[in-house]
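Listed here are the chains, written in short residue letters.
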Amino acid sequence: MCVERERTAVDGRKSSQRPQRSHHEVADVLRGRIRSGELRPGQRMPTQAKLADEFGVERGAVRQALRILQSEHLLTNVSKGSPATVAPRVGAAAVGGPGAAPRPTMVELAPRISAAFAAPHVKIDALCLTSVSLTLAVGEPLREIHAGRIKPARVDVRVMLPSRDIPLAFPAPVDASVDGRLQRRWLAQRNAQGQVLKHNLLALRSTHGVDVRVSFRALPFTPPVKLYLLNGQEALFAYYTVQRKEAEVDSEQLEMYDAEGTQSTLFAFERSVGAAAPRDTTFVDQSRLWFDALWETISSDLLLTS
């Protein structure tokens, strides 16, 4: 007869030494209960403490799982204070869940960033054209931190943007003889968005004692895609679709090639344990290796100045 060894947790409770589940696994189980009808629309969830006991995880992992389900519109009222509630109407393929249709960056990125901020150590890597979408998406978890509903211990953000010293493929004028006004406008936007993102995150050091690191690197090319890596578990990927259009620059209409990054369709890939989604897991891992390789080799120091 095998007796399972036990350990005493920090809070005095005893828990078994079975392998601890990830927050993604907890979310998968709860998602299945909601979709099967075991947890009904409008029903209150068990408390975070009870869920932590059931799954043998820390409460932080439960909060991350609940925030993932909230971002998929399966749960409402996710907070530290009271149990979450199953959303009133839950479809067979809920928005944001596995198998759901991809959505525009401005719709999909913010809830996934919010879910990532429930982790004790938040790690976000981004490769993009200006960081506009990322700056906007970080706004909600910052509000949650200031409201006292979440408090990560550490936040690491790395962002790669095109260098100011290269001719951009886009935004670029159709007429190559036009002066550098489009490049200067893009540079001003790149710097302004990066400065706002950096300032808002670094402010968490003094206001909430969060250990924050924000780094920028310059790419020697115009990225044809955008990529966000969240806590080493998710890769969010979108194509920049270049279009020919007119825009007013310095009171003059200019024909240009450009891409609307906030409306780019964002495809989500998540790491999973076992053989449930090997292609997704491989995509996340390879995306991280690709990002790290660019960061450590051909990228260079980036200053957010004109």
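Here's a quick rundown of the structure. These figures come from a predicted structure and were not determined experimentally.

Parameters and conventions
- Residues numbered from 1 in each chain as written.
- Predicted model: local features only at pLDDT ≥ 70, side-chain atom pairs only at ≥ 80, totals over all residues.
- Heavy atoms only, no water.
- Pairing = 2+ DSSP bridges.
- Helix = DSSP H or I, 4+ residues; strand = E, 2+ residues; numbered from the N terminus.
- Salt bridge = Lys/Arg side-chain N within 4 Å of Asp/Glu carboxyl O.
- Buried < 20%, exposed > 50% of the residue type's maximum accessible area, 1.4 Å probe, protein only.
- Phe/Tyr/Trp six-rings, centres within 6.5 Å; stacked < 30°, edge-to-face > 60°.
- Lys NZ or Arg CZ within 6 Å of the ring centre and 35° of its normal.

## Things to note about the sheet that holds strand 14 (residues 265–270)
Spatial strand order, 5-14-11-10-6-7-9-15: eight strands in an open sheet with mixed pairing. Unpaired on one side and paired on the other, strand 5 (103–104) and strand 15 (300–301) mark the two borders of the sheet. Examined bridge by bridge, strand 6 (residues 121–127) and strand 7 (residues 154–162) share seven bridges and lie parallel to one another. Looking at the pairing, Ile 124 lines up with Val 157 of strand 7.

## A closer look at the pattern of salt bridges
Following the criterion strictly, the structure yields 21 salt bridges and no others. For Asp 125, the salt bridge goes to Arg 158, with nearest N and O atoms at 2.9 Å. Residue Asp 125 is found in strand 6, and its partner Arg 158 is found in strand 7; the two are separated by 33 residues along the sequence. Relative accessible area serves as the criterion here: at 21%, Arg 158 is assigned to the partly exposed category. Across the pair Arg 158 and Asp 292 runs a salt bridge whose closest N-O atoms are separated by 2.6 Å.

## Structural notes on the packing of aromatic side chains
The geometry of two aromatic rings is summed up by the distance between their centres and the angle between their planes. One pass over the full model with this rule turns up five aromatic pairs. In this structure an aromatic cluster arises from ring pairing among Phe 237, Tyr 239, Phe 269 and Phe 283. The ring of Trp 295 has Arg 158 sitting right over it, with the charged end atom 5.1 Å from the ring centre.

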